[in-house]
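Notes for the structure review
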Amino acid sequence: MSRCAAIQMASSPNISANLLEAGKLIAEAAKAGAKLVALPENFALMGDHELDKIKAKEVDGSGPIQSFLASVAKKYGVWVVGGTIPIVGNDSNKVRAACLVYNDQGERVARYDKVHLFDVCVPDSDEVYRESDSIEPGTDSVVIDTPFGRLGIAVCYDLRFPEFFRKMGMEILVIPSAFTAETGAAHWEVLLRARAVENLCYVIAPNQGGFHINGRKTFGHSMIIDPWGVVQDCYKTGGGFVSAEIELERLEKVRGAFPALSHRRFF
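The name given to the protein chain in an unreviewed UniProt entry is Nitrilase, with the source organism recorded as Methylobacter tundripaludum.

Right under this line is the structure:
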């Protein structure tokens, strides 16, 4: 068994303050026994404006946010799934929303660029989001081998596309998010539990949670869910973390007794 943790924040436009908060919460999670720690989407920057992330973008492999992730992973001896950070893309007027994974030696072992971009008008509200104005979409899914199991990575809006996950062949899904208060209240838990049940995998879901300086409100309720769809831990709002054990023996037992993945007839 290995303990994992999902960090919840209410990030601001101040990168230094956000990194300080993230470092504090990672330290607390590590002290509680977590060996895998995941940060929420946009953990380092929730800007006043959507285009603020372009000013803060980093070259792949270099920059203060990437240095922070590497250093805390090594300092606390934990694997870190680094939410998303703005990385230089092909279009100088946009960024990639990159989720970087570091091992417990502080070495980067994976990068996933958010594929599905949140371009929506939230029903029955005046909320409008156009991530494609500032973000280039990624093109590939990412699954890596870790000491905790086969780990798949996705980000926020990806959650709404079940076919995206089916091909991953993962044992653990980590999905850093910044779900809005409106959409989160309606869909967050049901979508997370559905992905766990459909794929018979653990789901680690760190979310932004609270009021942000830019006026946005995010849903929180970061949670960890087991392969049977049971919520192991949930943190409702504000800064904090949830933690739970990853039990691959239990996962294999569930898959063996309920072999839905091997019963598929459409590929």
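Glancing now at the overall build of the protein chain. Scanning the protein chain from terminus to terminus reveals six helices and 18 strands. Taken against the 2.2 N^0.38 rule, which gives 18 Å for 267 residues, the C-alpha radius of gyration of the protein chain at 17 Å falls within 12% of a compact globule. Principal-axis analysis of the C-alpha atoms places the extent of the protein chain at approximately 50 × 45 × 35 Å. Taking the contacts inside the protein chain whose residues are at least 6 apart along the sequence as the reference set, 65% of them involve residues at least 24 apart.

A word on the sheet that holds strand S17 (residues 231–235). Within a sheet, adjacent strands bond to each other through the backbone by hydrogen bonds, running parallel or antiparallel. Spatially, six strands are ordered S10-S11-S12-S13-S16-S17 in an open sheet, and the strand pairing comes out mixed. Both edges of this open sheet fall to strand S10 (142–146) and S17, since each of them pairs with a single strand only. Each strand axis lies, on average, 20 degrees off the axis of its neighbour in the sheet, ignoring direction. In this structure, S10 lies alongside strand S11 (residues 149–153), joined through five bridges in antiparallel fashion.

Applying the stated rule across the entire model yields nine aromatic pairs. Between tyrosine 112 and phenylalanine 164 the ring centres are 6.4 Å apart and the planes differ by 50 degrees, which places this aromatic pair in the tilted class. Of this pair, tyrosine 112 sits in strand S6 (residues 108–113) while phenylalanine 164 is found in helix H4 (residues 162–166), placing the two residues 52 residues apart along the sequence. Three or more aromatic residues joined by ring pairs make a cluster, and in this case those are Phe118, Tyr129, Tyr157 and Phe161.

The next subject is helix H1 (residues 15–31). Note on helix geometry: an α-helix contains 3.6 residues per turn, so any two residues three or four positions apart are oriented the same way. The end-to-end C-alpha distance of H1, which contains 17 residues, comes to 24 Å, matching closely the 24 Å that a straight helix rising 1.5 Å per residue would cover. Looking at H1, one finds that the buried residues are Asn18, Leu19, Ala22, Gly23, Leu25, Ile26, Ala29 and Ala30. Of the residues flanking the start of H1, the one acting as N-cap is asparagine 14, its side-chain oxygen 3.1 Å from the backbone nitrogen of serine 16. Remark: glycine 33 follows H1 within two positions and exhibits a positive phi of approximately 105 degrees.

Moving on, we come to the pattern of salt bridges. Taken as a whole, this structure holds 17 salt bridges when the rule is applied. Through salt bridges that share partners, Asp60, Arg96, Arg108, Arg111, Asp113 and Glu136 make up one connected network.

What follows concerns the pairing of S17. Of the strand pairs in this sheet, strand S16 (residues 222–225) and S17 are connected by four bridges, and their pairing is antiparallel. Counterpart to serine 222 in the pairing with S17 is tyrosine 235.

The residues that UniProt annotates with the feature "domain: CN hydrolase" (unreviewed entry) are residues 2–248. This span, residues 2–248, is 24% helix and 32% strand, and a straight line between its end C-alpha atoms measures 9 Å.

Turning our eyes to something else, we now look at the side chain of serine 177. Along the chain, serine 177 turns up in the loop between strand S12 (172–174) and helix H5 (181–199). A polar atom in the side chain of serine 177 sits 3.5 Å from the backbone nitrogen of cysteine 156. Look past the residues within four positions of serine 177 in its chain and what remains in contact with it is Pro40, Glu41, Cys156, Trp188, Pro206, Asn207 and Gln208.

Further remarks concern the packing of H1 against helix H3 (residues 64–76). Close contact between H1 and H3 brings their axes to 11 Å; oriented N to C, the two are set at 20 degrees. In this view, H1 runs roughly parallel relative to H3, as classed from their interaxial angle. Read as a crossing pair, H1 and H3 show a hand that is right-handed. Of the residues in H3, those touching H1 at Ile15, Leu19, Ala22, Gly23, Ile26, Ala27 and Ala30 are Pro64, Ile65, Phe68, Val72 and Tyr76. By residue class, the composition of the contact of H1 with H3 is 11 nonpolar, one polar and no charged.

Cut-offs applied
Residues numbered from 1 in each chain as written. Predicted model: local features only at pLDDT ≥ 70, side-chain atom pairs only at ≥ 80, totals over all residues. Heavy atoms only, no water. Helix = DSSP H or I, 4+ residues; strand = E, 2+ residues; numbered from the N terminus. Rg over C-alpha atoms; globule rule 2.2 N^0.38 Å. Contact = heavy atoms within 4.5 Å. Pairing = 2+ DSSP bridges. Axes fitted to C-alpha atoms, helices over the stretch in contact; angles between N-to-C directions. Phe/Tyr/Trp six-rings, centres within 6.5 Å; stacked < 30°, edge-to-face > 60°. Expected span 1.5 Å × (residues − 1). Buried < 20%, exposed > 50% of the residue type's maximum accessible area, 1.4 Å probe, protein only. Polar contact = N/O pair within 3.5 Å; in protein donor to acceptor, adjacent residues only side chain to side chain. Salt bridge = Lys/Arg side-chain N within 4 Å of Asp/Glu carboxyl O. UniProt positions renumbered as here; feature names shortened; annotations may be inferred. Parallel < 35°, antiparallel > 145°, perpendicular 65-115°, else oblique. Left-handed = near helix turned anticlockwise from the far one by under 90°. Nonpolar A, V, L, I, M, F, W, Y, C, P; charged D, E, K, R; others polar.

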